[in-house]
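The primary structure of each chain is shown beneath.
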Amino acid sequence: MKKRANIVAGNWKMNKDYQQGRDLTLEIVNKLQPSETVVILCPPFTHLQNTHTAINDISNLHLGAQNCHQEESGAYTGEISTGMLKSCGCDFVIIGHSERREFFSESDELLARKVDRALATGLRPIFCCGEPLPIREKGTHAAHVSEQVKNGLFHLPEEQMKEVVIAYEPIWAIGTGKTASPEQAQEMHQVIRSLLAKQYSEALAERISILYGGSVKPANAAELFAKPDVDGGLVGGASLKADDFIGIINHSNEALAK
Ligand code: 13P
């Protein structure tokens, strides 16, 4: 029996206008069955308040944001603070997505500060890591991802580390339709969990949920979630269709039932 939660999080990225987002949330809310899987919706900032209202009383459904600023408040035009997210009903925030690392030049050092700010506000970080294709082809992916995890998270004391969710998202599998094989995902999740055990303790490593992300869909979720160290998924494209997203959640429930 696993000591950690299975989580399926939908990262909508920069998709859906307000009305479309509202419709998607309502469809998910209507179709979602009560289950042990923790489900998180991460819509764009402009949809958070409305999504929060729609999911308010569903116990296994949570709200997450896709990014936050590292400072508490101040003159940062266009930015969103963790306090604002918390006050809109967020429980989680994605930090260090590869698209933020690549298109917004977010460094490990900056991400570590975002992680601190999120935790200080009572938000649980979904910390992303993952290698680009050339690193995978060179065979140095384990070292690359280990560095990301160490630099972004290992300054945390164990009490705070417990609150973190990790998402392994190989960049070559994001939005490409190319999924890591269940074996490739398991290998990397095991690398990350061993790292946690070495830095903290076995007990802590067993408690941390490690999600896989990269072209997760209903057709491949079952075999990915069947792997012992894959504790659910961070889903992009397939989270934009209620039936696909629910299908993935159902595979998580089936994996938990085994
Ligand atoms: P896709 O599921 O669209 O590949 O996106 C994965 C992702 O980046 C989730 O954060």
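Residues numbered from 1 in each chain as written. Predicted model: local features only at pLDDT ≥ 70, side-chain atom pairs only at ≥ 80, totals over all residues. Heavy atoms only, no water.

## Let's talk about the overall build of the protein chain
From N to C terminus, the protein chain includes twelve helices and eight strands. For 258 residues, the compact-globule estimate of 2.2 N^0.38 gives 18 Å, and the C-alpha radius of gyration of the protein chain, at 17 Å, lies within 12% of that figure. By its C-alpha atoms, the protein chain is 45 × 45 × 35 Å across when sized along the principal axes. In the protein chain, which comprises 258 residues, the share counted as buried stands at 53%. A sequence separation of at least 24 residues applies to 73% of the contacts in the protein chain between residues at least 6 apart. Total accessible area computed for the protein chain in this model is approximately 11,400 Å², and 51% of it derives from carbon and sulfur atoms. (Helix = DSSP H or I, 4+ residues; strand = E, 2+ residues; numbered from the N terminus. Rg over C-alpha atoms; globule rule 2.2 N^0.38 Å. Buried < 20%, exposed > 50% of the residue type's maximum accessible area, 1.4 Å probe, protein only. Contact = heavy atoms within 4.5 Å. Areas by Shrake-Rupley, 256 points an atom, 1.4 Å probe, with all protein chains shown as cover.)

## Some points on the packing of helix α7 (residues 141-153) against helix α9 (residues 182-199)
Relative to each other, α7 and α9 sit at 45 degrees, their axes nearing to 10 Å. By the angle class used here, α7 and α9 are oblique. For the pair α7 and α9, the crossing hand works out as right-handed. Contacts between α7 and α9 pair His141, Ala142, Val145, Ser146, Val149 and Lys150 from the former with Glu187, Met188, Val191, Ile192 and Leu195 from the latter. Broken down by class, the residue content of the contact of α7 with α9 amounts to seven nonpolar, two polar and two charged. (Axes fitted to C-alpha atoms, helices over the stretch in contact; angles between N-to-C directions. Parallel < 35°, antiparallel > 145°, perpendicular 65-115°, else oblique. Left-handed = near helix turned anticlockwise from the far one by under 90°. Nonpolar A, V, L, I, M, F, W, Y, C, P; charged D, E, K, R; others polar.)

## Thoughts on the pattern of salt bridges
Inspection of the entire model under this criterion finds 18 salt bridges. Linking Asp229 and Arg4 is a salt bridge whose minimum nitrogen-to-oxygen distance equals 3.8 Å. Linking Asp229 in the loop between α11 (218-225) and β8 (232-235) with Arg4 in the segment before β1 (7-11), this pair joins segments that are 225 residues apart in sequence. Between Glu106 and Lys114 there is a salt bridge whose closest N-O contact spans 2.9 Å. Like Lys114, Glu106 is buried. Via salt bridges that share partners, Arg4, Arg193, Glu206, Asp229 and Asp231 belong to a single interconnected network. (Salt bridge = Lys/Arg side-chain N within 4 Å of Asp/Glu carboxyl O.)

Take it as geometry only, folks, not as evidence of what the structure does.
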